[in-house]
Amino acid sequence: VEEGRRIISNIYNNMSINESYGEEECLLLSDEETCSILWSDDNFRAKVKSAVFNSQEVSVWHSHNFDLTPNNPAFLNHAMMSVVDLCNGDVVGFCEIAWL
């Protein structure tokens, strides 16, 4: 998640990307374009690959060729949830739900 945020943040700060897409268009990238930009970053791709191979879950990622951009950008969709103790505000649990 943090790596994806870093990459997207760099897009907004990188003039060559803004010149290619235009500042307004950069904010309106399609899911396919966003997926392509994220996947073009070697560090991001390596982190996804590492997470997949360290996971005990069977998923669509186990048969994916990590040299290729995913066919479906929804593969990168996920949600993070946390449980907070209302008495003191401490996070007492969390999970990430991803496409399997």
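Each remark here, short or long, concerns the structure printed above.
Residues numbered from 1 in each chain as written. Predicted model: local features only at pLDDT ≥ 70, side-chain atom pairs only at ≥ 80, totals over all residues. Heavy atoms only, no water.

A.B. asks: What exactly am I supposed to notice about the overall build of the protein here?
C.D. replies: Scanning the protein for helices and strands turns up 5 helices and 2 strands. Scanning the protein from its N terminus toward the C terminus, one meets helices and strands in the order α-α-α-α-α-β-β. Of the accessible surface of the protein, which amounts to about 7300 Å², a share of 53% is contributed by carbon and sulfur atoms. (Helix = DSSP H or I, 4+ residues; strand = E, 2+ residues; numbered from the N terminus. Areas by Shrake-Rupley, 256 points an atom, 1.4 Å probe, with all protein chains shown as cover.)

A.B. asks: I tried to follow the packing of aromatic side chains on my own but got confused; where do I start?
C.D. replies: How two aromatic rings sit relative to each other is set out by the distance from centre to centre and by the angle between their planes. Enumeration according to the criterion identifies 6 aromatic pairs in this entry. With a centroid separation of 6.0 Å and 55° between ring planes, the pair formed by phenylalanine 53 and phenylalanine 66 is classed as tilted. Here phenylalanine 53 is found in helix 5 (residues 42-54), whereas its partner phenylalanine 66 is found in the loop between helix 5 and strand 1 (78-84), with 13 residues between them in sequence. Their ring planes at 20° and their centres at 5.8 Å tell us that tryptophan 61 and phenylalanine 66 sit as a pair that is stacked. Given a relative accessible area of 7%, tryptophan 61 falls into the buried group. When its relative accessible area of 6% is taken as the criterion, phenylalanine 66 is described as buried. An aromatic cluster of at least three residues, connected via ring pairs, comprises Trp39, Phe44, Phe53, Trp61, Phe66 and Phe75. (Phe/Tyr/Trp six-rings, centres within 6.5 Å; stacked < 30°, edge-to-face > 60°. Buried < 20%, exposed > 50% of the residue type's maximum accessible area, 1.4 Å probe, protein only.)

A.B. asks: Please clarify how the environment of phenylalanine 44 should be interpreted in this entry.
C.D. replies: Its location among the elements puts phenylalanine 44 in helix 5. Residues phenylalanine 44 and glutamate 3, spaced 41 residues apart in sequence, show a C-alpha to C-alpha distance of 5.9 Å. In this structure phenylalanine 44 touches Glu3, Gly4, Ile7, Leu38, Trp39 and Leu76, once residues within four positions along its chain are discounted. (Contact = heavy atoms within 4.5 Å.)

A.B. asks: Would you mind going over helix 5 with me for this structure?
C.D. replies: Between its first and last C-alpha, helix 5 extends 18 Å over 13 residues, near the 18 Å set by a 1.5 Å rise per residue. Regarding helix 5, its N-cap is aspartate 41, as a side-chain oxygen of that residue lies 3.1 Å from the backbone nitrogen of asparagine 43 further along. (Expected span 1.5 Å × (residues − 1). Polar contact = N/O pair within 3.5 Å; in protein donor to acceptor, adjacent residues only side chain to side chain.)

A.B. asks: Can you help me understand the pattern of salt bridges in this one?
C.D. replies: Opposite charge on two side chains permits them to pair, given that their charged atoms come into close proximity. Tallied over the entire structure, the rule returns 1 salt bridge. Two residues, aspartate 42 and arginine 45, come together in a salt bridge whose shortest N-O distance is 2.6 Å. You can see aspartate 42 and its partner arginine 45 sitting in helix 5, 3 residues apart, about one turn around the helix. A relative accessible area of 53% places aspartate 42 in the exposed class. (Salt bridge = Lys/Arg side-chain N within 4 Å of Asp/Glu carboxyl O.)

A.B. asks: What should I look at first to understand the nonpolar core in this one?
C.D. replies: The nonpolar side chains of a soluble globular protein tend to be buried with one another. Ranked by internal contacts, the top residues of the largest apolar core, which has 13 residues, are Trp39, Phe44, Val48, Trp61, Phe66 and Leu76. It is helix 4 (residues 31-39) that provides the largest number of residues to this core, a total of 4 residues. Non-local contacts of leucine 76, meaning those with residues more than four positions away in its chain, are made with Cys35, Leu38, Trp39, Phe44 and Trp61. (Core = buried A, V, L, I, M, F, W, Y, C linked by side-chain atoms within 4.5 Å.)

A.B. asks: What is the right way to look at a nonpolar patch on the surface in this model?
C.D. replies: Taken together, Val84, Val91 and Phe94 make up a surface patch of nonpolar side chains, about 320 Å² in accessible area. Considering the arrangement of structural elements, one finds phenylalanine 94 in strand 2 (residues 91-98). (Patch = residues over 30% accessible without salt bridge, like charges linked within 9 Å, V, L, I, M, F, W, Y side chains within 5 Å.)

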